[in-house]
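Remarks on the overall topology
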4 protein chains.
Amino acid sequence: MLISMKSGATDNDISGVMNVVQSLGLRAFVSKEDKYTVISVIGSGTKIPSNYFTSLSGVNEVVDQENVYELISKKYRKLSSGLSGNIEITVNNVVIGEDTPVIMAGPCAVESRDQLFRIAGEVKEAGAHILRGGIFKPRSSVHSFQGLGASDRSKAEEALKWLREAGDEFCMPVITEVRGESQVDLVAEYSDILQIGARNMYDQDLLVAVARTKKPVLLKRHFGAGVKEFLNFAEYIAAEGNKNIILCERGIVPVGKGNDFTRYTLDLAAVPAIRTETYLPVIVDPSHSTGRRDMIYSMSCAAVAAGAHGLMIEVHYNPEEALVDGAQAITADELKKVIKACNEISRMVNEENRALN
Amino acid sequence: MLISMKSGATDNDISGVMNVVQSLGLRAFVSKEDKYTVISVIGSGTKIPSNYFTSLSGVNEVVDQENVYELISKKYRKLSSGLSGNIEITVNNVVIGEDTPVIMAGPCAVESRDQLFRIAGEVKEAGAHILRGGIFKPRSSVHSFQGLGASDRSKAEEALKWLREAGDEFCMPVITEVRGESQVDLVAEYSDILQIGARNMYDQDLLVAVARTKKPVLLKRHFGAGVKEFLNFAEYIAAEGNKNIILCERGIVPVGKGNDFTRYTLDLAAVPAIRTETYLPVIVDPSHSTGRRDMIYSMSCAAVAAGAHGLMIEVHYNPEEALVDGAQAITADELKKVIKACNEISRMVNEENRALN
Amino acid sequence: MLISMKSGATDNDISGVMNVVQSLGLRAFVSKEDKYTVISVIGSGTKIPSNYFTSLSGVNEVVDQENVYELISKKYRKLSSGLSGNIEITVNNVVIGEDTPVIMAGPCAVESRDQLFRIAGEVKEAGAHILRGGIFKPRSSVHSFQGLGASDRSKAEEALKWLREAGDEFCMPVITEVRGESQVDLVAEYSDILQIGARNMYDQDLLVAVARTKKPVLLKRHFGAGVKEFLNFAEYIAAEGNKNIILCERGIVPVGKGNDFTRYTLDLAAVPAIRTETYLPVIVDPSHSTGRRDMIYSMSCAAVAAGAHGLMIEVHYNPEEALVDGAQAITADELKKVIKACNEISRMVNEENRALN
Amino acid sequence: MLISMKSGATDNDISGVMNVVQSLGLRAFVSKEDKYTVISVIGSGTKIPSNYFTSLSGVNEVVDQENVYELISKKYRKLSSGLSGNIEITVNNVVIGEDTPVIMAGPCAVESRDQLFRIAGEVKEAGAHILRGGIFKPRSSVHSFQGLGASDRSKAEEALKWLREAGDEFCMPVITEVRGESQVDLVAEYSDILQIGARNMYDQDLLVAVARTKKPVLLKRHFGAGVKEFLNFAEYIAAEGNKNIILCERGIVPVGKGNDFTRYTLDLAAVPAIRTETYLPVIVDPSHSTGRRDMIYSMSCAAVAAGAHGLMIEVHYNPEEALVDGAQAITADELKKVIKACNEISRMVNEENRALN
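In short, a report on the structure. (Residues numbered from 1 in each chain as written. Chains lettered and ligands numbered in written order. Predicted model: local features only at pLDDT ≥ 70, side-chain atom pairs only at ≥ 80, totals over all residues. Heavy atoms only, no water.)

Turning to the pairing of strand β11 (residues 217–220) of chain B, a few remarks are in order. Residues and elements named next belong to chain B. Of the two faces of β11, the one holding V217 and L219 and the one holding L218 and K220 are both buried throughout. The pairing of strand β10 (residues 193–196) with β11 spans 3 bridges and is parallel. Of the residues in β11, the one forming a bridge with Q195 is L218. Considered for its hand, the β-α-β crossover made up of β10, helix α7 (residues 204–212) and β11 is right-handed. Relative to strand β12 (residues 245–249), β11 is paired through 4 bridges, and the arrangement is parallel. Counted as the bridge partner of L218 is I246 from β12. This β-α-β element, β11 to helix α8 (residues 227–238) to β12, shows right-handed connectivity. (Buried < 20%, exposed > 50% of the residue type's maximum accessible area, 1.4 Å probe, protein only. Helix = DSSP H or I, 4+ residues; strand = E, 2+ residues; numbered from the N terminus. Pairing = 2+ DSSP bridges. Right-handed = clockwise from strand over helix to strand, strands pointing away.)

See the structure below:
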């Protein structure tokens, strides 16, 4: 249940509401960042009596919607700010959520300082905005290369420093994955955005831990999750007061027997679905979903045409040599062409969209 | 196994090859339509000895590839015509397989002559190329409206005549679905393209029957089928000597529990996969896959950006009133905007694609 | 909507109900086979006004349930016969639907008269009740062996005669698959039960055609279908007045990436679900679902423990030599052990079940 | 790669092997618990040259199998102990992995000391062997009841003490779920077995953390994971030297559109698959997979018939009142009947199985 306060509501008014919340044995989250204070009352499955709140001093409106992903819903945005549309998340000099697609690019796994700096320079030159590089790699087999973060904390920290330095050198915010609670503080010290990988989407304790760093979080959809489930887990982050959430579609488990042409099924209809339901920006990862270098161009174009606010793409100067997922990496030259096409498509689709409204 | 004959190969040379085929207890399909005759030898799971053929008179090349969808493969096209890329299928005045996306539009179900003619006029004016309209409707429940074809043959024929007349009136080829073998002859009499719906994709006897009409066939992917399975069933049509096959992606079963935001998951990576593997044109149906009117624009744009040669879209002047699937129908005005955006995206993506090659 | 008539209801009473049905533009199916006549009124999606019927002469009860699989529902059975539980379907000397699991066994594909007679004798001796043997084989590839029915009608008829003779020789009813409408009459002439394979479950015209033969139909669940969808398609058969339907669970598409240990996922919870929802007997096919000979024993035991009324198992004297699906065939010796174990489990589970009620 | 040492191999011999391992830049895990020392050499995707090892002093056999779940494979068991079959895991007085199915029962969520003790007494009396009770509950919505562990550490510890005391009072080992790394030490202090829930299966850092406690681990299969993936993640635990792993099948995402009759699809063929591939005991959770009280009996029987070593079942004295998942809880009376039937089926199936071998 969402309670929006009037613009002149006092701290006393808010306390009045919170007293009723507590007397009902409920908990609530007070959001003051925006124009209007919004109190989201969180129940325990049972129906909350909205009439207890409507007549309290300073209360403007009580919205008794279903108790699911209300903190990231369009309705919440309307109540808290009077605005519709999605939010924009600013990370250093980069804005995520505008018309122009934001490009996050870099190596799948950081392999060495040299490899990282070389690729960072190349993707910057190609037009990328944010540098990605995996240090703690989630892998299906304990016997596969687990990233430089696997061996010990000092090695992991060294790699994180490289990432920070490469970002600073080439004026790009950096993003890297956090795979477990014990890595959160370390990664938050060096990375501008904390990425939760698809395999960890359901890991609610990790979501809470990254949310508490107050840094922007990129949450990838699990490959076995419906879009509603995905939004339910994003709500775990928002419930900690951190609304700087970027959602990322990266493919779901394929249908049918045996191996098919792509590793996963990229669900691009998730993009308009998320844009309709929430105010969060949504990006697409064509690299992991297809697992095929030769599909990055067409699926990137398709993602932006579907309304994606950005792309996360794996780049390597020598894809065949990459320690992880080389089959899906493209070169910086190819990235440049992807960016050019996506910028044009985005311009065109957004113009049309504005004309439609 | 594919055997391509030299350009001067005689009928005697072909007979020579066929004699060996028969002596091995195999069957073969001889394709003479193109520049070079190609004989596809069809085994029964066992390995065919290619060396029996290589030295025969008139034989140019023997390609011993896996025995699956070889008649629709790029390799077949190379051998038979020396060409790469996809074929173009011409239906009356419309070419399917060119850069410009072909738009098939019309009502989900033909409800009356008036409804059909009104929508036909509207979609023509909006820029559609081919008129669609369901007469034999596949339905999940025997208790739902089954289309005008349900009641009796004369009623079905009447509706088919309306479709034919509407197509002629507005200069559009027409397409309608054939749901069972017993309808093939009737539908082939009136419709320019025969559509096999997703639920019938696995119905190999029906595929053979429609193939034998020699009319172009639009084959929809079953919602539980991988892309490889889809191509395997398209091969059933090609094996009858009918290569005028248009493939259509229309969404696969969604992942996860319970209902999500779309009826099916539109698998747009199937588009580049099919374009890489086969020479057949591929189109996308955003209506059935999403089941949502408000997603047609974005998913149409995405489909064309992914490389689709066309779209199949359900249109109704009053979607709320439609007897079948009204929730996914758009108006002709909306269709006009979809076509405009898709034409621009197509132009841009194809320019870039040509620059890439 | 179901309307049950009083036990003394006259033909006039029934006509009275039918007149109202027709005046409302609806259709109805009158079932007189059982103790009480039941009229199932079939709408077209719109709500039927039940109050038009309640006060008519001879009407006992009007059940206004959702318009889906009502003809095969427990409620229908209660209304038409006053009974609960499942029906028993008697085919010659065999009863399907009793406690003792019915065993349908035989070769995947009929390969020759000798092969069929040898296997028929062996499975009879092992304790099987019904002889199975595929003549029209549905296959994923046009290039695979399609069964003896593939080549021409006379070859198909010859194989059907062998099946009939083998059944007569060893006193077993026979079952074989019908893959397309054009085969229905031919197969119905020779086979006691008509099987619809998983790939054809959605083929509603075929379902109608087999239903009209009045022979018992075994309907396999499509590997991409939910159980509700499965029941909706069984309703197509019942709507033709043929209630002699045996449902068969044979595995659904597996989850996850790439190949796993079984070909499909056997969904045994479908067994109690079907037994709760309908009065139809339900059997399980452990051969196609697992694709593995070494799992037939354990999955057969599990199926019977879950409440299955029978099993369909592929048997070959030399599995390695079988033309189709040899990897999943067991020998008659192995079948004997499966039957022994399943009989004991069935006895035990049913005793307990009776004690539970 | 697995290297088994001779029975008289010295520490020097082992060091000799390890020196070669290190010189190749690989890591290895030495297992001395069993009859024969086995060294599992863990590569980084590249092929390990087995011939470097075969002639070293003390080396008995080098098995160059694929680098996936080799530490939990049947081959490993053979090399390390000369035994086949599965291991038995003894927890206090209970043995998991014997013929008789082990029953883990208790409330879904611990709600109060009274609730827990009452249910503990009842399930003990009904014949359960191990007491389950959730304190840290993984939930799809942040707005649902998260278990007593949600609020703060002291509340969580209090609930864990109740669980410990209830286990001691009724002579049952206890099992409870660990949802995040930060809870591992706390839970390990009180619980005999650490459970990893389905949602956390992919959380490799959590797997490593629980493995290091040296306590037995029950790992549930993720609902979007193939069985091979499941085994790959179990290997993460074994790679830490902890082989006391109990695998649990609890249902996978259902196929098809919309809601069906069960929450998940229970994949019972996973049981023989796991028993064939590994030496680990495997149990089944019929409660979460079906989500239906009325299916617990039949699916428990089916699970044991399929070869499950045990069951995990949710019990409540008043299922309607349960704070979490009441719809799937059964009463202790019903549990008693389940146990009786499962014991009989197990006896019968195992006798037959022994006769088969």
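So, next bit.
If you rotate chain A by 180° and push it 0.0 Å along the axis, it lands on chain B with an RMSD of 0.0 Å. Interpreted geometrically, this transformation is the action of a two-fold axis. Within chain A, A302 of chain A has its C-alpha nearest the rotation axis, a separation of 2.0 Å. Most of the interface of chain A is mirrored in chain B: 100% of its interface residues are interface residues there too. (Least-squares fit on C-alpha atoms with pLDDT ≥ 70 in both. Contact = heavy atoms within 4.5 Å.)

Moving on, we come to the packing of aromatic side chains. Residues and elements named next belong to chain D. Taken as a whole, this structure holds 24 aromatic pairs over all chains when the rule is applied. Judged by centre distance (5.4 Å) and plane angle (40°), the ring pair of F223 and Y264 falls under tilted. With F223 in the loop between β11 (217–220) and α8 (227–238) and Y264 in the loop between β12 (245–249) and α9 (270–277), the pair connects residues that are 41 residues apart, well separated along the chain. If you follow R118 out to its NZ or CZ, it ends over the ring of Y317, 3.8 Å from the centre. Across from the ring centre of Y264, 4.2 Å away, lies the NZ or CZ of R250, which sits over that ring. (Phe/Tyr/Trp six-rings, centres within 6.5 Å; stacked < 30°, edge-to-face > 60°. Lys NZ or Arg CZ within 6 Å of the ring centre and 35° of its normal.)

This paragraph deals with the side chain of N86 of chain D. Residue and element names in this part refer to chain D. As for its position among the elements, N86 is in the loop between α3 (74–81) and β5 (89–91). A distance of 2.9 Å separates the side chain of N86 from the backbone oxygen of G97, its partner in a polar contact. Here H309 takes part through its side chain, which lies 3.2 Å from a polar atom of the side chain of N86. What N86 contacts, discounting residues up to four positions off in sequence, is R77, G97, R275, Y279, L280 and H309. (Polar contact = N/O pair within 3.5 Å; in protein donor to acceptor, adjacent residues only side chain to side chain.)

Moving on, we get to the interface of chain A and chain B. Contacts between the two partners involve 47 residues from chain A and, on the opposite side, 47 residues from chain B. With both sides pooled, the region where chain A packs onto chain B buries about 3,700 Å², and carbon together with sulfur makes up 69% of that total. If you sort the residues of chain A by the area they bury against chain B, V255, F261 and Y297 of chain A come out on top, with a joint share of 17%. Along the contact surface separating chain A from chain B lie 0 salt bridges. Looking at the side of chain A that touches chain B, the elements with two or more residues in it are α8 (227–238), α9 (270–277), α11 (296–305) and α12 (332–356) of chain A. Each residue belonging to the side of chain A that touches chain B can be placed in one class, and the counts come to 26 nonpolar, 9 polar and 12 charged. (Buried area = accessible area lost by both parts, 1.4 Å probe. Salt bridge = Lys/Arg side-chain N within 4 Å of Asp/Glu carboxyl O. Nonpolar A, V, L, I, M, F, W, Y, C, P; charged D, E, K, R; others polar.)

Once turned by 180° and shifted 0.0 Å along the axis, chain B lies on chain C with an RMSD of 0.1 Å. Interface overlap between copies: 100% of the residues of chain B at the interface are likewise at the interface in chain C, consistent with a symmetric, same-surface contact.

Here we take up the sheet that holds strand β13 (residues 282–284) of chain B. Residues and elements named next belong to chain B. Spatially, 8 strands are ordered β7-β8-β9-β10-β11-β12-β13-β14 in a closed barrel, and the strand pairing comes out parallel. Within this sheet the neighbouring strands show an average axis-to-axis angle of 25°, counted without direction. Sheet topology places strand β7 (residues 102–106) next to strand β8 (residues 130–132); 2 bridges connect them, and they run parallel. From the neighbouring strand, M104 faces β8, where its bridge partner is I130. In the packing of helix α9 (residues 270–277) onto the sheet, contacts are made with β12 and β13, and the angle to β13 comes to roughly 170°. (Axes fitted to C-alpha atoms, helices over the stretch in contact; angles between N-to-C directions.)

We now examine the packing of α8 of chain D against α9 of chain D. Residues and elements named next belong to chain D. Direction vectors running N to C along α8 and α9 enclose 45°, while the axes themselves pass 11 Å from each other. Taken together, the axes of α8 and α9 are oblique relative to one another. Between α8 and α9 lies a crossing of right-handed hand. Together, V227, F230 and L231 of α8 and A270, I274 and E277 of α9 make up the contact between the two elements. Classifying every residue of the contact of α8 with α9 by side-chain character gives 5 nonpolar, no polar and 1 charged. (Parallel < 35°, antiparallel > 145°, perpendicular 65-115°, else oblique. Left-handed = near helix turned anticlockwise from the far one by under 90°.)

Turning to the interface of chain B and chain C, a few remarks are in order. The interface is formed by 37 residues belonging to chain B together with 37 residues belonging to chain C. Here chain B and chain C share an interface that buries about 3,000 Å² over both sides, 47% of which is from carbon and sulfur atoms. Among the residues chain B hides against chain C, the three largest losses belong to V142, H143 and Y202 of chain B. Together they make up 23% of the total. Summed over the shared surface of chain B and chain C, the result is 2 salt bridges. A salt bridge links D205 of chain C to R179 of chain B; the shortest N-O distance between them is 2.6 Å. Secondary-structure elements contributing two or more residues to the side of chain B that touches chain C are α7 and α8 of chain B.

What follows deals with the environment of A332 of chain C. Tracing the backbone through its elements, the reader meets A332 of chain C in helix α12 (residues 332–356). Along the chain, A332 of chain C and L24 of chain C lie 308 residues apart, while their C-alpha atoms are 57 Å from each other.

In this section: the pattern of salt bridges. A full pass over the atoms with the stated rule returns 60 salt bridges over all chains. Where K220 of chain B meets D285 of chain B, a salt bridge forms, and the shortest distance between an N and an O atom there is 2.7 Å. With a gap of 65 residues between them, K220 of chain B in strand β11 and D285 of chain B in the loop between β13 and α10 (286–290) connect regions that are remote in the sequence. Neither K220 of chain B nor D285 of chain B differs from the other in exposure class; each is buried. Between E249 of chain C and R221 of chain C there is a salt bridge; the shortest N-O distance is 2.8 Å. Placement of the pair is E249 of chain C in strand β12 (residues 245–249) and R221 of chain C in the loop between β11 (217–220) and α8 (227–238), with a sequence separation of 28 residues. Given a relative accessible area of 1%, E249 of chain C falls into the buried group.

Read these as layout, nothing more, since geometry by itself doesn't imply function.
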